[in-house]
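# Descriptive structure summary
What follows is each chain in one-letter form.
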Amino acid sequence: MDNMRFTLTHHILRHQSTHPGARGEFSALLVQIASACKVIGAQCRTAGLGSLMGNSGAVGHHGDEVKRLDKFANDAFAHHFDHTGLAAAIVSEEMEEPYLPAGESEKARYVVCYDPIDGSSNIEVDVTVGTIFSIQERADPSRAPRMEDLLRPGTHLLAAGYVLYGPATVFVLATGTGVDAYTQDPRTGDFLLTEHGMRIPGRGPVYSVNEANYRKWDAGPRRLVDALRQGGVGEMKTTRYIGSLVADFHRTLVKGGIFCYPGETGKPEGKIRILYEAAPLAFVAERAGGAASTGKGRILEVAPREVHQRTPIFIGGAEDVADAVRILGG
Ligand code: AHG
Ligand code: MN
Ligand code: MN
């Protein structure tokens, strides 16, 4: 039965054949993302055996330690678009400025944003990390890319998703048609379709937040977490917090519930970055029937003013998120 499953590539090509005008660029872009993530996943699995564990010694432009694997994954992903003409510009967590792929890429139709390794502090303790990405089409591909091509709200995304490097390597892809998951078969390296049309339950059994930050929050997030502790948001919930957004989100997608990373007093934007963390996962959540809010509005409607801008995030089942937003507002 296993060998009857669709591979990701087959699924992409089938989808392309239903769009008669398609020139195959979007399909090729997805295939390159999958290929980059296979390389990153293989490195994650063997990092402890070689020299890719630990800090690179550099401090990134966000002020965080850059892990060796962050740097490797960033470069592997970006170079998958050199000399392909597929992406006009690439925004990565690990690059202060957008990357313009080598070769004739100026007039490429797409822009890609990514977090090469999300949850990188979990690598050294062998806990799940992942790669998050989004794809948008440029309004005007006949000219060189400009900053305004990158700073658009997530309502313009064509596709988004992530790859989890966990007990299994799983590729979750959201497009206009819905959300599917592909599990990597370690025998062949192929991503095989394992979940079609994923839906987040409206309410779920888990809330996920770094409660050690309670003392740093304003009244709104404190009120919300008090309510979550007391069963005041849907059913009585238990708590799980992995510390890799991508893994905490994946559990939320599969089992339901809510993930929160609120802003803090004096740091109202919180920690999670819009273009390559919040917006792609918000796109996945909405395509799966869930919701994602800043606490004040839809994450997908936020147009960032700069590429590394952050946002508070409340993401998960539609009813759990609606309740959370109501409680946050008092
Ligand atoms: P990254 O590894 O890409 O820098 O992201 C880390 C993020 C995110 O994955 C996670 O949800 C969050 O940091 C955890 O932050 P705290 O340690 O503050 O809870
Ligand atoms: Mn991250
Ligand atoms: Mn990262």
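Scroll up a little and you will see the structure.
All of these numbers come straight from a predicted model, not from anything done at the bench.

### Considering the site of ligand 1
Residues in contact with ligand 1 amount to 15 residues; listed here are only the nearest, Asp118, Gly119, Asn210, Tyr241 and Tyr261. Contact between ligand 1 and Leu245: an oxygen atom at 2.9 Å from a main-chain N or O atom of the residue. Tyr261 places a side-chain nitrogen or oxygen 2.5 Å from an oxygen atom of ligand 1. For the shell around ligand 1, the leading source of residues is strand β4 (residues 110-118), giving three residues. Looking at side-chain class alone, the shell around ligand 1 contains four nonpolar, five polar and six charged residues. Here the shell around ligand 1 spans two domains, since at least three of its residues come from each of domain 1 (8-195) and domain 2 (206-328).

### So, helix α5 (residues 219-229)
Restricting attention to buried positions, one finds in α5 the residues Gly220, Pro221, Leu224, Val225, Ala227 and Leu228. Angularly, the buried residues of α5 cover 155 degrees about the axis, an arc narrow enough to put them on a single face. Looking at the residues trailing α5, positive phi occurs at Gly231, about 75 degrees.

### Looking at the coordination of the manganese ion (ligand 2)
Ligation of the manganese ion (ligand 2) by protein atoms is provided by Asp115 (OD), Asp118 (OD) and Glu277 (OE), these donors lying 1.9 to 2.1 Å from the ion. Ordering the donors of the manganese ion (ligand 2) by residue number gives the pattern D-x2-D-x158-E. The manganese ion (ligand 3) is placed at 3.7 Å from the manganese ion (ligand 2), the two being bridged by Asp115. Grouping residues by exposure puts Asp115 and Asp118 together as buried.

What counts, and at which threshold
- Residues numbered from 1 in each chain as written.
- Chains lettered and ligands numbered in written order.
- Predicted model: local features only at pLDDT ≥ 70, side-chain atom pairs only at ≥ 80, totals over all residues.
- Heavy atoms only, no water.
- Near = heavy atom within 4 Å.
- Polar contact = N/O pair within 3.5 Å; in protein donor to acceptor, adjacent residues only side chain to side chain.
- Helix = DSSP H or I, 4+ residues; strand = E, 2+ residues; numbered from the N terminus.
- Nonpolar A, V, L, I, M, F, W, Y, C, P; charged D, E, K, R; others polar.
- Domains from an automatic or database assignment.
- Buried < 20%, exposed > 50% of the residue type's maximum accessible area, 1.4 Å probe, protein only.
- Arc of directions from axis to C-beta.
- Donors = N, O, S within 2.8 Å, 3.2 Å for Na, K, Ca; no water.

Note that all results are geometric; they support no functional claim without further evidence.
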